[in-house]
Amino acid sequence: MNRANYGRKSGVIIDSCRQHGLWFDAHELGRILHWIRAGGAVQARKFDREEERDRERQQRLQRDFEPFEPDLLGARRGSGSLFTLGDVLGSLFDLY
């Protein structure tokens, strides 16, 4: 038997079993229904979406600001960059 906060935000701890389903103690089902009718489930889904966006944003930031590790030609590893360090330096010298 596993215990979990229904909807992660309801404050109602329910018991669940893979083989036998959900188990409610006295008044738990009524409290959950009240929470749902009061908009708790909608708010919980909104919170979950915001958390997911935050996780994706963090992953993008970590990926975009990885430490620079040039390969032998001067390109960032795995970047798919079309320019090498030599290309950039050559262009700078051409401007000078």
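Structure: above.
(A) Spatial organisation of the pattern of salt bridges. Within the structure shown, the criterion is met by five salt bridges. For the salt bridge of R8 with D48, the shortest nitrogen-to-oxygen distance reads 3.2 Å. Remark: D48 occurs in helix 2 (residues 40-64) and R8 occurs in the loop between strand 1 (2-5) and strand 2 (13-17); sequence separation between them is 40 residues. Judged by relative accessible area, D48 falls into the partly exposed class, the value being 31%. E52 is the salt-bridge partner of R55, the closest N and O atoms lying 2.8 Å from each other. Here R55 and its partner E52 are both found in helix 2, three residues apart, which amounts to about one turn of the helix. Its relative accessible area of 34% is what places E52 among the partly exposed residues. Within this structure, R8, D48 and E51 form a network of salt bridges that share partners.

(B) Structural view of the packing of aromatic side chains. Inspection of every chain in the model, using the stated rule, returns one aromatic pair. An angle of 85° between the planes, with centres 5.9 Å apart, marks the rings of Y6 and W35 as edge-to-face. Of the two residues, Y6 is situated in the loop between strand 1 and strand 2 and W35 in helix 1 (residues 28-37); the sequence distance between them amounts to 29 residues. For Y6, a relative accessible area of 27% puts it in the partly exposed group. Across the ring face of F47, the terminal group of K9 is positioned such that the distance to the ring centre comes to 3.7 Å.

What counts, and at which threshold
Residues numbered from 1 in each chain as written. Predicted model: local features only at pLDDT ≥ 70, side-chain atom pairs only at ≥ 80, totals over all residues. Heavy atoms only, no water. Salt bridge = Lys/Arg side-chain N within 4 Å of Asp/Glu carboxyl O. Helix = DSSP H or I, 4+ residues; strand = E, 2+ residues; numbered from the N terminus. Buried < 20%, exposed > 50% of the residue type's maximum accessible area, 1.4 Å probe, protein only. Phe/Tyr/Trp six-rings, centres within 6.5 Å; stacked < 30°, edge-to-face > 60°. Lys NZ or Arg CZ within 6 Å of the ring centre and 35° of its normal.

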